[in-house]
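# Per-entry structural report
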Amino acid sequence: MIELDDLTVKLPGFAVQNVSLRVAPGEFFALLGPTGSGKTVILESIAGLVHVTGGRIRLAARDITRYPPERRRIGIVYQDYALFPHLTVMENICYGLRYFDLDMQQARQRINHLVDMLGLQAIVHRRPLHLSGGEKQRACLARALSINPSVLLLDEPLSALDPNFREDIRRVLKQLHGELGITFMMVTHDFSEALYLADRVGVIRNGRMEQVGSTEDVFLRPANPFVAEFVGMKNLFAAEVSDRKVAFGGLNCPMPGPVSCDQGILALRPEDIVLQHEDSFGGEYVRFSGVIEQIVPAGLWHEISVRCRDACFKTVMDRKTLMAQRYNEGDAVFLGFRTESVRVF
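Nothing here was measured: the structure is a model prediction, and the numbers come from that model. In every chain, residue numbers begin from 1 and rise along the written sequence. Confidence filtering applies because this is a predicted model: local features only for residues at pLDDT of at least 70, side-chain atom pairs given and counted only at 80 or more, and all residues used for totals across whole chains, interfaces and linings. With hydrogens and water set aside, each side-chain value is computed from the structure's full complement of heavy atoms.

### Quick look at the pairing of strand β13 (residues 245-248)
To keep things clear, this is the line we draw: Think of it in three bands: with a 1.4 Å probe and only protein chains considered, a residue is buried below 20% of the maximum accessible area for its type, exposed above 50%, and partly exposed in between. Secondary structure is summarised from DSSP: a helix means a run of H or I of at least four residues, a strand means a run of E of at least two, and numbering begins at the N terminus for each. We treat two strands as partners when DSSP finds at least two bridges between them.
The alternating pattern of β13 places Val246 and Phe248 on a buried face, while none of Lys245 and Ala247, on the opposite face, is buried. Across 3 bridges, strand β12 (residues 240-242) lies against β13 in antiparallel orientation. Paired with glutamate 240 across the two strands is alanine 247, which belongs to β13. In textbook terms, the turn of a hairpin is the stretch between consecutive antiparallel strands, and for β12 and β13 this stretch comprises 2 residues, one of which, aspartate 243, has a positive phi near 55°. By the bridge criterion, 4 bridges tie β13 to strand β14 (residues 251-254) in an arrangement that is antiparallel. Counted as the bridge partner of lysine 245 is proline 254 from β14. The hairpin formed by β13 and β14 contains 2 residues between the paired strands, and glycine 249 there has a positive phi angle of roughly 55°.

### Digging into the sheet that holds strand β21 (residues 343-344)
With respect to topology, 3 strands assemble into an open sheet ordered β11-β15-β21, the strand pairing being antiparallel. For this open sheet the edge positions go to β11 (235-238) and β21, each flanked by a neighbour on one side alone. Bridge count between strand β15 (residues 265-268) and β21: 2 bridges; the pairing is antiparallel. Along β21, the bridge assignment pairs alanine 267 with arginine 343.

### Re the packing of aromatic side chains
Basically, it comes down to this: The aromatic pairing rule takes the rings of Phe, Tyr and Trp, using the six-membered ring of Trp, and pairs them if the centres are within 6.5 Å, calling planes under 30 degrees apart stacked, those over 60 edge-to-face and the rest tilted. Whether a charge lies above a ring is judged from NZ of Lys or CZ of Arg, which has to be within 6 Å of the ring centre and within 35 degrees of the ring normal.
Across all of its chains, the model carries 12 aromatic pairs by this definition. Between phenylalanine 288 and phenylalanine 337, the ring centres sit 6.1 Å apart and the planes meet at 55°, which makes this aromatic pair tilted. On the criterion of sequence distance, the pair formed by phenylalanine 288 in strand β17 (residues 285-298) and phenylalanine 337 in strand β20 (residues 332-338) is long-range, its members being 49 residues apart. Owing to a relative accessible area of 9%, phenylalanine 288 belongs among the buried residues under this scheme. Look at phenylalanine 337 and you get buried, because its relative accessible area is 0%. Seen from the ring of tyrosine 67, arginine 71 lies directly overhead, with NZ or CZ sitting 4.1 Å from the centre. Seen from the ring of tyrosine 196, lysine 174 lies directly overhead, with NZ or CZ sitting 5.3 Å from the centre.

In structure tokens, the structure reads:
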């Protein structure tokens with residue numbers, strides 16, 4: 001559905017360089033990366049809002065690289081809503097229809113369906129000033145979908161919302177994608193959003209694509225240390241590799257098979273580390289003794305830092321388990337993890 005071939009966009013002080021990407025029809029694709037990595041530039045290139053310096057953009061095998069935005073039939077939703085303040089919700093939703101040669105009866109039926117689906121019936125006569133963040137975002141979704149696009153682009157649609165509205169809009173996006181069956185492409189810096197919504201993801205840094213794959217594959221098998229850290233592998237250690245052993249922080253980690261690496265980095269997810277007061281791990285675990293240095297509340301979870309020689313591991317534990325097992329800062333503990341959880345770069 002969406003094909004980018006060596007897409008290059010040069011802006012003052014920044015450039016997206018030679019990005020190639022395929023998004024299948026009906027797929028929910030998430031483009032991930034830190035702030036300033038080029039995610040929105042790629043999205044706006046597809047929408048026709050920025051000038052493409054090089055490469056090609058195709059939509060359903062049609063080259064749209066030089067098409068103006070109104071000829072692309074692409075819906076776009078921004079994080080800051082971009083609703084017209086002087087228009088009602090219904091007027092905002094219908095605004096884009098004037099630019100397309102549509103059957104108005106069918107368009108009205110579609111808009112009424114979207115209003116029902118998105119729960120906007122009670123607010124269609126209000127203006128944006130009198131809407132909550134969640135209501136504004138649902139109105140934006142209805143406006144973007146009113147033109148019956150083949151592709152919906154979403155530029156961090158959840159980042160400006162408080163947690164309650166964020167959960168609501170996430171469910172709405174999941175429902176819309178399932179019911180409408182059109183291609184969704186979302187930009188986000190939050191990997192948890194991608195885990196919930198996306199079929200596949202791409203991770204970008206400094207205008208270059210680092211990895212593209214299924215959400216599960218990128219989450220479990222990151223291609224390099226940058227992607228590993230971005231998707232939540234908070235334990236990254238400089239390491240030395242020899243045959244079937246990895247040495248790091250004064251510790252040795254035996255591996256089940258030969259290991260090769262380019263950068264000498266060991267990576268491990270916090271949730272793959274298990275804590276115990278006593279060493280009762282099975283034989284399949286690598287285990288080390290250590291001391292709890294810090295326990296930091298993080299919502300429903302606590303992040304626990306454990307010092308084992310020169311290596312400081314980070315693991316997570318829910319509050320109920322933490323209180324029941326009485327872990328405290330300064331406690332001597334044992335930590336363990338399975339070798340299949342370890343990534344070496």
